[in-house]
Amino acid sequence: MIIHFLGTSGSSITPFRTNSSILIDNDLLMDVGEGTTQKLLQLGSLKDIRTILISHLHVDHYIGLFSFLWHQWLVERDQAPISIYGPPKIRSATEEILKLTSTPVEAFPFQIKYYPLDPKDTILKRGEISTISLIHPTYTLGYRIDRERSICYIADTAPLDRTISFAKNCDVLIHDASFPNKFAELAHKFHHSTPQDAAKIASKANVKILVLFHILGNMENQLELYQKEAQEFFDGEVIVAQDMKKLEI
Ligand SMILES: [Zn+2]
Ligand SMILES: [Zn+2]
């Protein structure tokens, strides 16, 4: 499997990072932060994306969806349906924004299929896609993709024990690591994690590679610290996510 980290920043963008988005192989997108469509165009890999997984409806994970859909409509013009998975309000929120932005959805050559997670389901499996609900101010999902390898994406969350069994034995765990550990109290107060939190989950879940993700903009000069803090609690490979970095597993 191939992972492209398109956008890796937490909350606000920086000169080096745009908001959260991860491309899996050539066809599946996890989160669509601002700047995603342009990054996909730089990779030359946009047409085949027919599955989109949205972790939650915060602006830094979601708002790039609309320029993506406009590009699919105006430029690619492929007729295959686009499936969008997300929290319970994914359909109503997306339809409302499309309406408010005067988007003529009836002119789209493709159908949008929505898969809102039922809030009653803590963990759900649909074929190769599994979801888990996380701890964040708005309803937030983590995802696991099982193909020939397994990739787990634990988006914005305070550290959460049930993610250990969810991510068990996966090849790559991509985990929220917004703040370095000296800001742990702040991180948890705002429902985020630190490199140390992510490393403890990775270790207990026995994953092979941990990717520290959702790096806050003003922490750019502390990336070595992120790496070091995670390595103290996890023996496997630790990668600090960078925009446009490719990982083949
Ligand atoms: Zn975020
Ligand atoms: Zn968030």
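Residues numbered from 1 in each chain as written. Chains lettered and ligands numbered in written order. Predicted model: local features only at pLDDT ≥ 70, side-chain atom pairs only at ≥ 80, totals over all residues. Heavy atoms only, no water.

Remarks on the overall build of the protein chain
Each helix and strand in the protein chain was counted, giving eight helices and 16 strands. Against the 2.2 N^0.38 benchmark of 18 Å for 249 residues, the protein chain shows a C-alpha radius of gyration of 17 Å, consistent with a compact globule. C-alpha extents for the protein chain along the principal axes are approximately 55 × 40 × 35 Å. Taken over 249 residues, the protein chain has a buried fraction of 56%. Of the contacts formed within the protein chain by residues at least 6 apart in sequence, a portion of 61% connects residues at least 24 apart. Positive and negative side-chain charges in the protein chain, numbering 25 and 30 respectively, have mean positions lying 3 Å apart. (Helix = DSSP H or I, 4+ residues; strand = E, 2+ residues; numbered from the N terminus. Rg over C-alpha atoms; globule rule 2.2 N^0.38 Å. Buried < 20%, exposed > 50% of the residue type's maximum accessible area, 1.4 Å probe, protein only. Contact = heavy atoms within 4.5 Å. Lys, Arg positive; Asp, Glu negative; His and termini not counted. Charge placed at Lys NZ, Arg CZ, Asp CG, Glu CD.)

Describing unusual backbone geometry
One non-glycine residue, Asn 169, lies in positive phi territory at about 60°. Looking at where Asn 169 falls in the secondary structure, it is placed in the loop between helix 5 (162-166) and strand 12 (172-176). Even without a glycine there, the phi angle at Met 244 is positive, about 70°. Tracing the chain through its elements places Met 244 in the loop between strand 15 (237-240) and strand 16 (245-248). For Met 244, a relative accessible area of 30% translates into the label partly exposed.

Let's talk about the sheet that holds strand 13 (residues 209-213)
Spatial ordering of the open sheet is given by 8-9-10-11-12-13-15, a layout of seven strands whose pairing is mixed. Each of the sheet's edge strands pairs with one partner strand only, and the pair in question is strand 8 (123-126) and strand 15. Averaged over all adjacent pairs, the angle separating strand axes in this sheet is 15°, with direction ignored. Summarising the sheet, strand 11 (residues 150-154) and strand 12 pair through four bridges and their orientation is parallel. Paired with Cys 152 across the strands is Leu 173, a residue of strand 12. Of the strands in this sheet, strand 13 and strand 15 are in contact with helix 8 (residues 223-231), which crosses strand 15 at around 155°. (Pairing = 2+ DSSP bridges. Axes fitted to C-alpha atoms, helices over the stretch in contact; angles between N-to-C directions.)

Let's talk about the coordination of the zinc ion (ligand 2)
Protein-derived coordination of the zinc ion (ligand 2) comes from His 56 (NE2), His 58 (ND1), His 136 (NE2) and Asp 156 (OD), at a distance range of 2.2 to 2.4 Å. Coordination at the zinc ion (ligand 2) is irregular, judged from the four donor atoms that bind it and the angles of 92 to 166° they form at the metal. All donors of the zinc ion (ligand 2) come from a single chain, and their spacing in sequence reads H-x1-H-x77-H-x19-D. Here the zinc ion (ligand 2) and the zinc ion (ligand 1) are spaced 3.5 Å apart, and both take Asp 156 as a donor. Linking His 58 in the loop between strand 5 (51-53) and helix 2 (59-62) with Asp 156 in the loop between strand 11 and helix 5, this pair joins segments that are 98 residues apart in sequence. The partly exposed category is assigned to His 58, whose relative accessible area is 28%. Judged by relative accessible area, which is 2%, Asp 156 ranks as buried. (Donors = N, O, S within 2.8 Å, 3.2 Å for Na, K, Ca; no water. Tetrahedral: all angles 85-135°; square planar, octahedral: opposite > 155°, others 65-115°.)

Thoughts on helix 8
Taken together, the buried positions of helix 8 are Leu 223, Tyr 226, Glu 229 and Ala 230. Along the long axis of helix 8, the arc covered by the buried residues comes to 120°, so they all point the same way. In helix 8, those exposed residues whose orientation departs by more than 90 degrees from the buried face are Glu 224 and Lys 228. Against helix 7 (195-205), strand 13, strand 14 (215-216) and strand 15 lie the buried residues of helix 8. (Arc of directions from axis to C-beta.)

Looking at the nonpolar core
Core analysis: the biggest nonpolar cluster contains 56 residues, and Ile 22, Met 30, Leu 173, Ile 174, Leu 210, Val 211 and Leu 212 have the highest contact counts within it. Ignoring any residue separated from it by four or fewer positions in sequence, one finds Ile 22 in contact with Ile 3, His 4, Phe 5, Leu 28, Leu 29, Met 30, Asp 31, Tyr 153, Ile 174 and Phe 213. (Core = buried A, V, L, I, M, F, W, Y, C linked by side-chain atoms within 4.5 Å.)

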